[in-house]
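The lines below spell out each chain.
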Amino acid sequence: MIHFLIVGLGNPGSKYQNTRHNIGFMIVDVLAEKMGIGFKDVKKYMETSENTDKYKVHLLKPMEFMNLSGKAVQTIAAMYKIPPEQILVVQDEVDIPFGKIKNKIGGGTAGHNGLKDIVAKIGSQNFHRLRFGVGKPEKGGMEVADFVLQNFNAEEKEKLPELIKESILKIEDWLKTNLIQIQKMNSL
């Protein structure tokens, strides 16, 4: 059985529910709904999965705050023997303008504390990332840490449903592409 792990980054609690930093949670929630599955509590994190004949997808929302996301990722990856190359982390990205969504494999963390903790816990940067652009605060404005903990503004909220749909299409493409690559490698 081939296992994939899709991790939505965010912070637990209603206080953070609609903030820029929680876009990973928002996208994974919509993906779970589309897949017709719900989250179940497992210790201090939430996890659910979809079974198919060929593979299993695990959706994860770490519930120990953004800066401690790595423990949940490490636990699920170890439990199902999921290598970093079969992990996709859905994250907010301040270095990308709002509305832009980019895929990335490996590389640095660009100061993102959730990514830093994941790298530290799984011992690898070679996981995939879906980087959802949330933009930066204006120069001379608030600090980045405060900015990402703000709710999306009215104009951004209006655009979110379409951008979340686009993100889910990118996740589905990632799954298909990686499944094909793994199956090709296994048939050699």
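Note: the structure precedes this text.
What you see is a predicted model; the values in this text were computed from it and never measured.

A. The arrangement of the overall build of the protein in detail. Scanning the protein from terminus to terminus reveals 5 helices and 7 strands. Listing every helix and strand of the protein by position from the N terminus yields β-α-β-β-β-α-β-β-α-β-α-α. Computed over its C-alpha atoms, the radius of gyration of the protein comes to 16 Å, within 12% of the 16 Å expected for a compact globule of 188 residues. Taking all 188 residues of the protein together, 48% fall into the buried category. Considering only contacts within the protein whose residues lie at least 6 apart along the sequence, 71% involve residues at least 24 apart. Summed over its atoms, the accessible surface of the protein is roughly 9,800 Å², and 51% of this surface lies on carbon and sulfur atoms. Looking at the protein, you have 26 positive and 22 negative side-chain charges, and the mean spots of the two groups are 5 Å apart.

B. Region of interest: the environment of valine 134. Topologically, valine 134 is positioned in the loop between strand S7 (128–133) and helix H4 (144–147). Apart from residues no more than four positions distant in its own chain, valine 134 is found in contact with Arg20, Asp92, Glu93, Val94, Ile96, Pro97, Phe98, Phe147 and Phe152.

C. Main features of helix H5 (residues 154–187). Here H5 contains 34 residues, and its C-alpha end-to-end distance of 50 Å stays within 8% of the 50 Å for a straight helix at 1.5 Å per residue. For H5, the principal kink sits at leucine 160 and spans about 45 degrees; a proline, proline 161, occurs within the next four residues. Those residues of H5 that are buried are in contact with strand S1 (2–8), helix H1 (23–35), strand S4 (55–62), strand S5 (87–93), strand S6 (101–105) and S7. With a side-chain oxygen positioned 3.1 Å from the backbone nitrogen of glutamate 155, the residue opening H5 is asparagine 153.

What counts, and where the lines are drawn
- Residues numbered from 1 in each chain as written.
- Predicted model: local features only at pLDDT ≥ 70, side-chain atom pairs only at ≥ 80, totals over all residues.
- Heavy atoms only, no water.
- Helix = DSSP H or I, 4+ residues; strand = E, 2+ residues; numbered from the N terminus.
- Rg over C-alpha atoms; globule rule 2.2 N^0.38 Å.
- Buried < 20%, exposed > 50% of the residue type's maximum accessible area, 1.4 Å probe, protein only.
- Contact = heavy atoms within 4.5 Å.
- Areas by Shrake-Rupley, 256 points an atom, 1.4 Å probe, with all protein chains shown as cover.
- Lys, Arg positive; Asp, Glu negative; His and termini not counted.
- Charge placed at Lys NZ, Arg CZ, Asp CG, Glu CD.
- Expected span 1.5 Å × (residues − 1).
- Bend = angle between axes of the 7 residues up to and from the residue.
- Polar contact = N/O pair within 3.5 Å; in protein donor to acceptor, adjacent residues only side chain to side chain.

It is worth stressing that arrangement in space is one thing and function is another; only the former is reported here.
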